[in-house]
2 protein chains.
Amino acid sequence: MTYVFQSQIDSVLTDLAGVCREVETLVRDATEALLTARADIAERVIDADGGIDAARQNVEDAALEILSLQAPVATNLRIIVAALAIVTDLDRMGDLAVHVAKIARLRTPVVAVPDVVRPIIEQMAEVAEKMVALTARVIDDRDLALAEDLREHDDVMDELRRETFQRVLAGEWSGGVEAAVDMALLSRYYERIADHAVAVADRVHFIVTGENPA
Amino acid sequence: MTYVFQSQIDSVLTDLAGVCREVETLVRDATEALLTARADIAERVIDADGGIDAARQNVEDAALEILSLQAPVATNLRIIVAALAIVTDLDRMGDLAVHVAKIARLRTPVVAVPDVVRPIIEQMAEVAEKMVALTARVIDDRDLALAEDLREHDDVMDELRRETFQRVLAGEWSGGVEAAVDMALLSRYYERIADHAVAVADRVHFIVTGENPA
């Protein structure tokens, strides 16, 4: 493995961390659009997703080229195989941010989130954004302790999703059927962003150790 | 590439078609549990998903071994790279069938689906099951015409999801908030199964042509 080849492989991971930071921006902007009913910000998220798709294609092309020309083994092979999985997760996270933005856009000029669940949704959004930011660092530093932290954040996310459902399905819910459906889907979207963040961290664990986390 | 190596690569695709047929059974059983409120069938689906996870691990191990020992190129390389993506999609489809089964289990002995939307949900389930069955054939036969058919089924699915939402959010909805939320999530799960089927077909297109479908 020459120096040039090695730097090509390392740059795949650097590119992925960059895509992850783009996803972080999408999640943050989608949340802002949601909580402020800003259609212009929602549109920006929806349009920006094409950039993530293109980045996915670039990573897949680079991975295929490296596999066919260099036949990497050991850690380098794991990086390429993991990169193919990671870029799919990142692409889905971007799609989920777009789904959040579309709910925001659908309800403007009204804010889609009723006041009674706003604090929970804000927390879900905050945890999701933080997890995506951590994921970029996990990729950059191959930091398995940080990858483990992500699981704890994911538990918090699952608990917040349960709380959202309890609130929506409680007898005193006054938000109506439409808002109930919106909140069920929104909490699902944020929870799935968190799941994909954990999946990416698991792939980094695999790169470093050669094993999937228990 | 020796005969032994080639048969090892071909068996990856055969294994994937087998996993896809297991997913088809999960989707069918989950739907039956849903429409009949049979907790025992729901449990069977939830337990069987572990088998899909194991199959995913097998395919990933085989793919890594082939990549590191044989350094495949051209079509063989595309098969292995596509297989890694396909098995992830199949795994997710299994998870989504489990989500359907969990809604069924949560509402037993009551049938989770209100009569007024039962025909639409039945159609979504039917389209999803058919698409998963077609996907197994697309993998087995690398049949791109069939892969193209899947897109048409997916359009039907999207339309059915819109109809479900219209029904649930219409003024005359009498199913209550809980059933509305269940139907929103259910229709999302079936739609996502369909999306993954299309994604798998796209990967088969990539194997055969070396290009992603337009």
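These figures come from a predicted structure and were not determined experimentally.

Trainee: Where do I start with the overall build of chain A in this structure?
Mentor: Within chain A, the secondary structure is distributed over six helices and zero strands. What you see in chain A, going N to C, is helices and strands ordered as α-α-α-α-α-α. A globule of 214 residues ought to have a C-alpha radius of gyration of about 17 Å, and chain A, at 19 Å, matches this closely. In terms of overall dimensions, chain A has a C-alpha envelope of 65 × 35 × 20 Å along the principal axes. Of the contacts made within chain A by residues no fewer than 6 positions apart, 82% connect residues no fewer than 24 positions apart. Within the structure as shown, chain A displays about 8800 Å² of accessible surface, and the carbon and sulfur contribution to it stands at 50%.

Trainee: In this structure, what is going on with the relation of the copies chain B and chain A? I would like to understand it.
Mentor: Taken together, a rotation about one axis and a shift along it account for how the two chain copies relate. For the match of chain B to chain A, the screw axis carries a shift of 0.0 Å, the RMSD comes to 0.0 Å, and the turn is 180 degrees. Both chain copies can therefore be described as sitting about a two-fold axis. A shared binding surface is used by both copies, with 100% of the interface residues of chain B retained as interface residues in chain A.

Trainee: Help me understand the interface of chain B and chain A, please; the structure alone is not making it clear to me.
Mentor: Each partner contributes to the interface: chain B provides 31 residues, whereas chain A provides 33 residues. Across the chain B to chain A interface the summed buried area is about 2600 Å²; carbon plus sulfur atoms make up 67%. When the area that chain B buries against chain A is broken down by residue, the three leading residues are Leu64(B), Val177(B) and Arg188(B), summing to 19%. The tally of links from chain B across to chain A stands at two salt bridges.

Trainee: Would you explain the UniProt feature "domain: PhoU" (unreviewed entry) in chain A in this entry?
Mentor: With numbering matched to this structure, UniProt assigns "domain: PhoU" (unreviewed entry) to residues 20–103 and 121–204 of chain A. A distance of 22 Å separates the end C-alpha atoms of residues 20–103 of chain A, which is 94% helix and 0% strand.

Trainee: What should I look at first to understand the pattern of salt bridges in this one?
Mentor: Pairs can form between side chains of opposite charge once their charged atoms are near each other. Per the stated rule, a full pass over the model turns up 38 salt bridges over all chains. When the shortest N-O distance is used, the salt bridge between Arg56(A) and Glu60(A) registers 3.2 Å. Taken as a pair, Arg56(A) and Glu60(A) lie in helix α2 (residues 39–70) at a separation of four residues, close to a single helical turn. The exposure classification of Arg56(A) matches that of Glu60(A), with both residues buried. Of the charged contacts in the structure, one is a salt bridge between Asp202(B) and Arg151(B), with a shortest N-O distance of 2.7 Å. Of the two residues, Asp202(B) sits in helix α6 (residues 176–209) while Arg151(B) sits in helix α5 (residues 144–169), which places them 51 residues apart along the sequence. A relative accessible area of 28% means that Arg151(B) is categorised as partly exposed.

Trainee: Would you take a moment to explain helix α1 (residues 3–36) of chain B for this structure?
Mentor: Every α-helical turn comprises 3.6 residues, leaving residues that sit three or four positions apart pointing alike. Under the 1.5 Å per step criterion, the end-to-end length of α1(B) is 50 Å for 34 residues, consistent within 8% with the ideal 50 Å. Following α1(B) by one or two positions, Ala37(B) adopts a phi angle in the positive range, close to 55 degrees.

Trainee: Can you walk me through α2(A) in this structure?
Mentor: The terminal C-alpha atoms of α2(A) lie 47 Å apart, and with 32 residues this matches the ideal 46 Å at 1.5 Å per residue to within 8%. Where α2(A) ends, the next residue or the one after it, Ala71(A), has phi of about 45 degrees, a positive value.

Trainee: Can you help me understand a nonpolar patch on the surface in this one?
Mentor: All names here are of chain A. Nonpolar side chains collect at one region of the surface, where Tyr3, Val4 and Phe5 lie side by side and expose about 360 Å² of accessible area between them. Locating Val4 in the fold gives a position in helix α1 (residues 3–36). For Val4, a relative accessible area of 55% puts it in the exposed group.

Trainee: Just checking my understanding: could you explain the environment of Val100(B) for this structure?
Mentor: One can find Val100(B) in helix α3 (residues 74–107). Spatially, the C-alpha atom of Val100(B) lies 8.5 Å from that of Ala42(B), the residues being 58 residues apart in sequence.

Trainee: Help me out: how do you make sense of a negative patch on the surface in this one?
Mentor: Among the surface-exposed residues, Glu148(A), Asp149(A), Glu152(A) and Asp155(A) lie close enough to one another that they form a single negatively charged patch. With respect to the helices and strands, the residue Glu148(A) is situated in helix α5 (residues 144–169).

Trainee: Is there a simple way to think about the packing of α1(A) against helix α6 (residues 176–209) of chain A in this case?
Mentor: A packed helix pair is summarised by two numbers, namely the angle formed by the two axes and the spacing between the axes. All names here are of chain A. Between α1 and α6, the least distance of the axes is 13 Å, while the angle of their chain directions is 165 degrees. Here α6 runs roughly antiparallel to α1, going by the angle between their axes. Read as a crossing pair, α1 and α6 show a hand that is left-handed. Touching Leu13, Val27, Thr31 and Leu34 of α1 are Leu186, Tyr190, Ile193 and Ile207, all from α6. Here the contact of α1 with α6 is built from residues that sort into seven nonpolar, one polar and no charged.

Trainee: What is the right way to look at the packing of helix α3 (residues 74–107) of chain A against α6(A) in this model?
Mentor: Residues and elements named next belong to chain A. Where α3 contacts α6, the two axes come as close as 9 Å, and the packing angle between them is 165 degrees. Here α3 lies roughly antiparallel to α6, going by the angle between them. By crossing handedness, the relation of α3 to α6 is classed as left-handed. For the contact of α3 with α6, the class distribution of residues is 22 nonpolar, four polar and eight charged.

Scoring rules and cut-offs
- Residues numbered from 1 in each chain as written.
- Chains lettered and ligands numbered in written order.
- Predicted model: local features only at pLDDT ≥ 70, side-chain atom pairs only at ≥ 80, totals over all residues.
- Heavy atoms only, no water.
- Helix = DSSP H or I, 4+ residues; strand = E, 2+ residues; numbered from the N terminus.
- Rg over C-alpha atoms; globule rule 2.2 N^0.38 Å.
- Contact = heavy atoms within 4.5 Å.
- Areas by Shrake-Rupley, 256 points an atom, 1.4 Å probe, with all protein chains shown as cover.
- Least-squares fit on C-alpha atoms with pLDDT ≥ 70 in both.
- Buried area = accessible area lost by both parts, 1.4 Å probe.
- Salt bridge = Lys/Arg side-chain N within 4 Å of Asp/Glu carboxyl O.
- UniProt positions renumbered as here; feature names shortened; annotations may be inferred.
- Buried < 20%, exposed > 50% of the residue type's maximum accessible area, 1.4 Å probe, protein only.
- Expected span 1.5 Å × (residues − 1).
- Patch = residues over 30% accessible without salt bridge, like charges linked within 9 Å, V, L, I, M, F, W, Y side chains within 5 Å.
- Lys, Arg positive; Asp, Glu negative; His and termini not counted.
- Charge placed at Lys NZ, Arg CZ, Asp CG, Glu CD.
- Axes fitted to C-alpha atoms, helices over the stretch in contact; angles between N-to-C directions.
- Parallel < 35°, antiparallel > 145°, perpendicular 65-115°, else oblique.
- Left-handed = near helix turned anticlockwise from the far one by under 90°.
- Nonpolar A, V, L, I, M, F, W, Y, C, P; charged D, E, K, R; others polar.

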